[in-house]
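# Commentary on secondary and tertiary structure
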Amino acid sequence: MATTDRQATTLALAHALSAAERGLSVIPLSRTKLPALRSPHRDDPSPPPCHGVYDATTDPARIRALFAAAPRATGYGIACGLPPHHLIGVDLDTKNGTDPGAALRALASRHGFTVPPTVVVLTPSGGRHLWLSGPPDVVAPNSAGRLAPGIDIRGAGGYLVGPGSRTEHGRYQAAPGTAHLAPAPCPPALLRLLLPPPRAHHPTPPSAGHHGQGLVQFVLAAHEGQRNTRLFWAACRAYEDGIGPELVEPLVDAARATGLSEREARATIASAARMTGH
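All of these numbers come straight from a predicted model, not from anything done at the bench. (Residues numbered from 1 in each chain as written. Predicted model: local features only at pLDDT ≥ 70, side-chain atom pairs only at ≥ 80, totals over all residues. Heavy atoms only, no water.)

## Regarding the overall build of the protein
Under the convention used in this document: A run of H or I in DSSP counts as a helix once it spans at least four residues, and a run of E counts as a strand once it spans at least two, with each numbered from the N terminus. Type-normalised accessible area, obtained with a 1.4 Å probe on protein chains alone, sets the label of each residue: buried when under 20%, exposed when over 50%, and partly exposed for intermediate values. Working rule for contacts: check all heavy atoms of both residues, and any pair within 4.5 Å makes them a contact. Each accessible area is a Shrake-Rupley result for a 1.4 Å probe, and residues are judged covered by the shown protein chains and nothing else.
Of the regular secondary structure elements, the protein holds 8 helices and 12 strands. By the burial criterion, 50% of the 278 residues in the protein qualify as buried. Once local pairs closer than 6 in sequence are excluded, the contacts in the protein between residues at least 24 apart make up 71%. Here the protein has roughly 13,300 Å² of accessible surface; of this, 54% comes from carbon and sulfur atoms.

## Things to note about the sheet that holds strand β1 (residues 26-29)
Using the following cut-off: Paired strands, in this sense, are two strands between which DSSP finds at least two bridges. Orientation is described by lines fitted to C-alpha atoms, with helices fitted over the stretch in contact, and by angles between N-to-C directions that extend from 0 to 180 degrees.
Spatial strand order, β1-β2-β8: 3 strands in an open sheet with antiparallel pairing. Looking at the sheet topology across the chains shown, the edges are occupied by β1 and β8 (159-161). Neighbouring strand axes in the sheet, compared pairwise and without regard to direction, differ in orientation by 35 degrees on average. For strand β2 (residues 75-79) and β8, the ladder comprises 3 bridges, and the chain directions are antiparallel. Among the inter-strand pairings, Ala79 is bridged to a residue of β8, identified as Tyr159.

## Things to note about the pattern of salt bridges
Stated precisely, the cut-off is as follows: Any carboxyl oxygen of Asp or Glu within 4 Å of a side-chain nitrogen of Lys or Arg constitutes a salt bridge here.
All told, the structure shown has 6 salt bridges when counted by the stated rule. The salt bridge involving Glu262 is made with Arg266; its shortest N-O contact spans 2.9 Å. In this pair, Glu262 and Arg266 are both assigned in helix α8 (residues 262-275), 4 residues apart and thus about one turn of the helix distant. On the basis of relative accessibility, which here comes to 34%, the residue Glu262 falls in the partly exposed class. A relative accessible area of 30% places Arg266 in the partly exposed class. Taken together, the salt bridges that share partners define one network made up of Glu249, Arg256, Glu262 and Arg266.

## Quick notes on the packing of helix α5 (residues 213-220) against helix α6 (residues 227-240)
Where we set the bar: An angle below 35 degrees is read as roughly parallel, one above 145 as roughly antiparallel, one from 65 to 115 as roughly perpendicular, and any other as oblique. Amino acids are sorted into nonpolar (Ala, Val, Leu, Ile, Met, Phe, Trp, Tyr, Cys and Pro), charged (Asp, Glu, Lys and Arg) and polar (every other residue, Gly among them).
Two elements in contact, α5 and α6, have axes whose closest approach is 9 Å; the angle formed by their N-to-C orientations is 170 degrees. Taken together, the axes of α5 and α6 lie roughly antiparallel to each other. Taken together, the residues of α6 that come into contact with α5 (itself represented by Leu215, Phe218 and Val219) are Arg230, Leu231, Trp233, Ala234, Arg237 and Ala238. Considering only residue class, the contact of α5 with α6 consists of 7 nonpolar, no polar and 2 charged.

## Section: the environment of Pro124
By the secondary structure assignment, Pro124 is in the loop between β4 (120-122) and β5 (128-133). The class for Pro124 is partly exposed, based on a relative accessible area of 29%. On a C-alpha basis, the gap between Pro124 and His169 in space is 6.1 Å, while along the polypeptide they are 45 residues apart. In this structure Pro124 touches Thr167, His169, Gly170, Arg171 and Tyr172, once residues within four positions along its chain are discounted.

So this is what it looks like as structure tokens:
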């Protein structure tokens, strides 16, 4: 391996260990931005995922072991959705002539939110990664261009290339004045845009009332893996529409019908109340 590659690996490890000290779970990445370790189970879907984002850790010894097993790593990835930050990455990609910054400003104006000061990572292509933190009881999914052309979202199961990483296209680095910041809370209005839109399929309990029919049905239609997310979205909408207190019990009943415990349901609804200022 060339000396420059060894230096890049050493530097990537140092940056990864620094990120881990801030509570960010990391993995080694290759120059192509992919996980640097090939999964031994790549062709076998039965074991748990490994040697990818699911290997991400904050343990310094484990991080060193991962990099030792990936001597050609020149960067590191930061897993999204994990505690304590529950990171959500907003990837503003300038490829294909898009202007994602303008698109995000238009979304903010239309939906009434402001992106707070937070960590910003500059990408080699001229784009930016905005780091935001989400509530612990909400799963933000990954998406590409769903909000607007050039705006990709890195949520649970995804990762962001960490600042200090070197790829075949160049270096990722924190924007001046942002490296010391903690990921800012995701604005509630933006968070709701990241969640799946409501799809009503099931009958509404009589106690829900006319105004909450769609919201309760939306929760009842949830499958495993999206129950908390749908409940949080519905509760936010209910509080914004002024019917939050009225819908607490119907939403709890609907969430319990999908398999959530009453304690989980009430905690998620309380989180939505706090996020919407109630």
